[in-house]
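Here's the letter readout for the chains.
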Amino acid sequence: MLEPLGYASAYTSERLRTWTGPSPEILLYRSEGTDASPHTHGRPGLQHVAFAVSDQQTVLDVHKAVVAGGWTVVHKPREYPEYAPGYFAVFVTCPSGLRIEVCHVPTATH
């Protein structure tokens, strides 16, 4: 999912995986403790990550990548005029349960 956004895998170990590319750098650590259950929307913790991209094609490219990777598509790519004029996004859930949005917003919101 990160490749169409300009990220590349940088480091992988049993405890940590990192990606470099557009700011910010992404670091994911393996969970610690006895609770290894997948994250679910609404559970305490990080709920939603959104990436803003420069065009609708990147949103479509991410959608294609996550479908190929077997991720869950929560909301297929479409316009969300209730958010902002021209707001175009896809919402997915990664295998760990984190909700991720990739959106193109051509207009400034206030």
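Residues numbered from 1 in each chain as written. Predicted model: local features only at pLDDT ≥ 70, side-chain atom pairs only at ≥ 80, totals over all residues. Heavy atoms only, no water.

Colleague: How should the overall build of the chain be read in this particular structure?
Modeller: Summing up its helical and strand segments, the chain has one helix and seven strands in all. In the chain, the succession of helices and strands from N to C terminus is β-β-β-β-α-β-β-β. When its C-alpha atoms are laid out on the principal axes, the chain stretches across 45 × 30 × 30 Å. Scored against the burial criterion, the 110 residues of the chain give a buried share of 32%. Looking at the chain alone, contacts between residues at least 24 apart form 36% of all its contacts between residues at least 6 apart. When the accessible area of the chain is evaluated, it comes to approximately 7200 Å², of which 55% is carbon and sulfur surface. Side-chain charges of the chain comprise 8 positive and 10 negative groups, with the mean position of each set lying 7 Å from the other. (Helix = DSSP H or I, 4+ residues; strand = E, 2+ residues; numbered from the N terminus. Buried < 20%, exposed > 50% of the residue type's maximum accessible area, 1.4 Å probe, protein only. Contact = heavy atoms within 4.5 Å. Areas by Shrake-Rupley, 256 points an atom, 1.4 Å probe, with all protein chains shown as cover. Lys, Arg positive; Asp, Glu negative; His and termini not counted. Charge placed at Lys NZ, Arg CZ, Asp CG, Glu CD.)

Colleague: How should the sheet that holds strand β6 (residues 88–93) be read in this particular structure?
Modeller: The sheet built from four strands is open, its strands ordered β4-β7-β6-β5 with mixed pairing. Because the sheet does not close on itself, it has two edges, and the strands there are β4 (48–53) and β5 (72–79). On average, adjacent strands in this sheet sit at an angle of 10° to one another, irrespective of strand direction. Bridge count for β4 against strand β7 (residues 99–104) is six bridges, and the pairing is parallel. Paired with Ala52 across the strands is Cys103, a residue of β7. (Pairing = 2+ DSSP bridges. Axes fitted to C-alpha atoms, helices over the stretch in contact; angles between N-to-C directions.)

Colleague: Help me out: how do you make sense of the nonpolar core in this one?
Modeller: Most often, soluble globular proteins keep nonpolar side chains buried together rather than apart. The biggest cluster of nonpolar side chains holds 18 residues, and the ones touching the most others in it are Met1, Leu2, Leu5, Tyr7, Phe51, Ile100 and Val102. Ignoring any residue separated from it by four or fewer positions in sequence, one finds Met1 in contact with Phe51, Val62, Val66, Trp71, Ile100 and Val102. By size, the runner-up hydrophobic cluster in this structure holds six residues, among which are Ala84, Tyr87, Phe91 and Cys103. (Core = buried A, V, L, I, M, F, W, Y, C linked by side-chain atoms within 4.5 Å.)

Colleague: Please explain the sheet that holds strand β1 (residues 8–12) as it appears in this structure.
Modeller: Strand pairing in a sheet is mediated by backbone hydrogen bonds. Such pairs are either parallel or antiparallel. Sheet architecture is open: three strands sit in the order β1-β2-β3, paired in antiparallel fashion. The strands lining the two open edges of the sheet, one partner per strand, are β1 and β3 (26–29). Between one strand and the next, the sheet's axes are offset by a mean angle of 20°, whatever the strand orientation. One ladder, built from four bridges, connects β1 with strand β2 (residues 16–20); its direction is antiparallel. When the sheet's bridge partners are listed, Thr12 is paired in β2 with Arg17.

Colleague: What's the story with the environment of Val105 in this structure? I'm lost.
Modeller: Structurally, Val105 can be placed in the segment after β7. You can call Val105 partly exposed: its relative accessible area is 30%. When the C-alpha positions of Val105 and Tyr80 are compared, they lie 9.7 Å apart, and in sequence the two are 25 residues distant. Ignoring sequence-local partners within four residues, the contact set of Val105 consists of Ala84 and Tyr87.

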